[in-house]
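So the chains spell out like this:
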Amino acid sequence: MVKDDIFNFFLKFCTTGLPSDIVVEVGEMSFHLHKFPLLSRSGVLERLIAKASESEEESAVKFHDIPGGAKTFELVAKFCYGVKLELTASNVVCLWCAAEHLEMTEEYGEGNLISQAETFFNQVVLRSWKDSMRALQTCDDVLDKAEELHIVKRCIESLAAKASTDPNLFGWPVLERGGPLQSPGGSVLWNGISTGARPKNTSLDWWYEDVANLSLPIYKRLIAVMESRGIRLEIIAGSVAFYAKMYLPGLNRRKVSGESGTRLAPVALGSPPSEEDQKILLEEIDKLLPMQKGLVQTKFLFGLLRTAMILRVNPSCISSLEKRIGMQLDQAALEDLLMPNFSYSMETLYNVDCVQRILDHFLAMDQVTGGASPCSIDDDGQLIGSPSLTPITMVAKLIDGYLAEVAPDVNLKLPKFQALAAAVPEYARPLDDGLYRAIDIYLKSHPWLVESDREQLCRLMDCQKLSLEACTHAAQNERLPIRIIVQVLFFEQLQLRTSIAGCFLVSDNLDGSRNLRSGLVGSNEGGWASAVKENQVLKVGMDNMRMRVSELEKECSNMRQEIEKLGGKAKGSTSAWGAVSKKLGFKVKSQMCSAQEGSVSKQNNGNNKVEKLKDRHVKHNRSSSISDKGSVSSIVPS
């Protein structure tokens, strides 16, 4: 392509009116110019023109490596012809690099292009955040020369210094200490004059969007310099997350359609980035993120991990992301853990193995920090223990919920389910209701399991850590093995006895308190009268409890007889009830089953439970599996 109109353009500014006598070819473009204006400003052009003049009538000079290409050379030619250039942050870097390449020094004229570009860069560009950012963005086109002249380094240093400083200190209007001066009406004052502008509270992330337009190599260098200047790691992590969301489409599936993708254009990765470019970017993002807990949102880390699995990035990157998530697993939500299985085998619907590895990382970190210790719950169901126990208790609840979500998957093998459930330490679960719910859902979705597998699965939960409501459901759950049901019934009675004993202790204390205070001053007679009335109501309630205790004795006696029949053991010195207790691992003597006066039983029909137990035993003898009947109540949904 020949640019003939360049001659006509420059001819207007030539006083000689002579036709062009030199052709300068820059890439695919040709410029018809005059020798004298060029050689009087550039050492390189002087030598090339002299060499070309020896061979041809109309000399030709070819450039293939001039910084900035034809567009920049056009500005250089105008400067040689005396046209006043308007230097800006967008063109000063290319002009400076081209002038250095062409040796446009003071030796070839005072106020030559090198000195003008350098002065403008130092006095104007580096003093402004926006100008420094624009100049740094243009360095990608002339990166080698810009590095040689330390332009990139100086821009990065300028930006890092401004990012670590209050932005109000270098903005307009001029601000004083403690914020902008304001008029009585609230507008910003500039040199005592009201501007009408309202002051804005600038947040610490004000520079995120600007630096996100930089190419990845330059952005990495900027972040490194910011860290060296002491900018807080949570601010650095926020910028890295913002950068990742701009160029990884998998993290912005809910992005508003009105937002344009033109921001991707300045980035070397291209717009839109290819899968290979996304893989490189994701691995670099993982390296840039600080390895500390809580600096990055857990949901964002899960998004990175899902994207990494889809793109099949380096296994070391996936392992690093899993470790990051494991460090703060207690901050995750259940929906975050439900990651689809992207492997070719598609053994399971969800990636259970990944969750297992994340949990292992969390437990290893918890052990290092000394978070492991016994815990308990009070009467209101609240956790009793040190605050360090809270994270692992939250993770235990999270894993139990995850197990309940993945349990319906028919392809989920029993060993994987057991391994994930057993990985949570026993002390981390104050109650086993969540684990029981997950086990019941798994049994319902896998009715082909043999009795031995069912028993092995149910051993994961501790029947003593089931609430009364869960015990009630488990006692009527036909999916559970018979041995587990007997255990549940046994510990249910123990829980009732413990609760009732506490009630009677309170009642005795009330009676003693009433007798002790009966001789007090008569001025309180009105108040004590109401207290006596309340105690009478409590006493009636206690009488009702005593009546229920006798029913509980009958229930327990009948159950003992029925279990002795089921055991099929001969009568001897040791009762069948004792034998069953030993098989079930009970450490409590059989006398615990006989209720004493002062205990309360639950309002359930014990004879009905025994009849169901007998029917299930007969069915078990006829078939190797238990039919899937019944539905889970409020504890375990059907």
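Keep in mind the model is a prediction, meaning the values are calculated, not measured. (Residues numbered from 1 in each chain as written. Predicted model: local features only at pLDDT ≥ 70, side-chain atom pairs only at ≥ 80, totals over all residues. Heavy atoms only, no water.)

### Things to note about the overall build of the protein chain
Moving on, step 1. For the protein chain, the helix and strand inventory stands at 26 helices and eight strands.
Moving on, step 2. In the protein chain, which comprises 638 residues, the share counted as buried stands at 44%.
Moving on, step 3. Residue pairs at least 24 apart in sequence account for 70% of intrachain contacts in the protein chain once pairs closer than 6 positions are excluded. (Helix = DSSP H or I, 4+ residues; strand = E, 2+ residues; numbered from the N terminus. Buried < 20%, exposed > 50% of the residue type's maximum accessible area, 1.4 Å probe, protein only. Contact = heavy atoms within 4.5 Å.)

### Considerations on the pairing of strand β2 (residues 22-26)
Moving on, step 1. The element β2 is largely enclosed, with a buried count of four among its five residues.
Moving on, step 2. With five bridges connecting them, β2 and strand β3 (residues 29-33) associate as antiparallel partners. Among the inter-strand pairings, V24 is bridged to a residue of β3, identified as F31.
Moving on, step 3. From the end of β2 to the start of β3, which pair antiparallel, there are two residues, and G27 there has a positive phi angle of about 65 degrees. (Pairing = 2+ DSSP bridges.)

### Considerations on the side chain of S215
Moving on, step 1. Structurally, S215 can be placed in the loop between α10 (208-211) and α11 (216-228).
Moving on, step 2. A relative accessible area of 3% places S215 in the buried class.
Moving on, step 3. Polar side-chain contacts of S215 include one of 3.1 Å to the side chain of D140. (Polar contact = N/O pair within 3.5 Å; in protein donor to acceptor, adjacent residues only side chain to side chain.)

### Some points on the nonpolar core
Moving on, step 1. Counting 153 residues, the largest nonpolar core has I151 and L304 as the members making the most contacts within it.
Moving on, step 2. Each of two domains, domain 1 (1-145) and domain 2 (363-370 + 389-504), supplies a minimum of three residues to this core.
Moving on, step 3. When neighbours within four sequence positions are excluded, L304 is seen to be in contact with L248, L251, L282, I285, L289 and L321. (Core = buried A, V, L, I, M, F, W, Y, C linked by side-chain atoms within 4.5 Å. Domains from an automatic or database assignment.)

### A few points about the packing of helix α14 (residues 298-311) against helix α15 (residues 315-327)
The packing of two helices is summarised by the inter-axis angle and the distance between the axes.
Moving on, step 1. Look at α14 against α15: their axes get within 10 Å of each other, and the N-to-C directions meet at 160 degrees. One way to sum up the angle between α14 and α15 is to call them roughly antiparallel. When you trace α14 past α15, the crossing you get is left-handed. Of the residues in α15, those touching α14 at T298, L301, F302, L304, L305, A308 and M309 are I318, L321, E322, R324 and I325.
Moving on, step 2. Partitioning the contact of α14 with α15 into residue classes produces nine nonpolar, one polar and two charged. (Axes fitted to C-alpha atoms, helices over the stretch in contact; angles between N-to-C directions. Parallel < 35°, antiparallel > 145°, perpendicular 65-115°, else oblique. Left-handed = near helix turned anticlockwise from the far one by under 90°. Nonpolar A, V, L, I, M, F, W, Y, C, P; charged D, E, K, R; others polar.)

### Overview of the environment of E284
Moving on, step 1. With respect to the secondary-structure elements, E284 resides in helix α13 (residues 275-288).
Moving on, step 2. Through-space distance from the C-alpha of E284 to that of K220 is 8.6 Å; in sequence the pair is 64 residues apart.
Moving on, step 3. Residues within four places of E284 in sequence aside, it is in contact with L216 and K220.

### Looking at the confidence of the model for the protein chain
Moving on, step 1. On average, residues of the protein chain score 75 in pLDDT, and 65% of them reach the 70 mark or higher.
Moving on, step 2. Ignoring residues within four places in sequence, the model shows residues 170-186, a span with pLDDT below 50, making 29 contacts including any to other chains.
Moving on, step 3. Predicted confidence is poor over residues 378-387, with pLDDT under 50, and the contacts of this stretch with residues over four places away or in other chains come to 14 contacts. (pLDDT = per-residue confidence, 0-100.)

### Focus: unusual backbone geometry
Leave glycine aside and you will find that most residues have negative phi; peptide bonds, for their part, are mostly trans.
Moving on, step 1. A positive phi angle, close to 55 degrees, is found at E103, a residue other than glycine.
Moving on, step 2. With respect to the helices and strands, the residue E103 is situated in the loop between α5 (92-101) and α6 (113-123).
Moving on, step 3. Assessed through its relative accessible area of 30%, E103 is described here as partly exposed.
Moving on, step 4. Phi at H150 takes a positive value of approximately 60 degrees, unusual for a residue other than glycine.

### Side note on the pattern of salt bridges
Moving on, step 1. With the rule as written, the count across this model stands at 17 salt bridges.
Moving on, step 2. With a shortest N-O distance of 3.7 Å, R134 and D131 are connected by a salt bridge. Taken together, the positions of R134 and D131, both in helix α7 (residues 129-138) and three residues apart, correspond to about one turn of that helix.
Moving on, step 3. The partly exposed category is assigned to R134, whose relative accessible area is 41%.
Moving on, step 4. When the shortest N-O distance is used, the salt bridge between R357 and E322 registers 2.8 Å. Highlighted residues: R357 in helix α17 (residues 352-368) and E322 in helix α15, separated in sequence by 35 residues. (Salt bridge = Lys/Arg side-chain N within 4 Å of Asp/Glu carboxyl O.)

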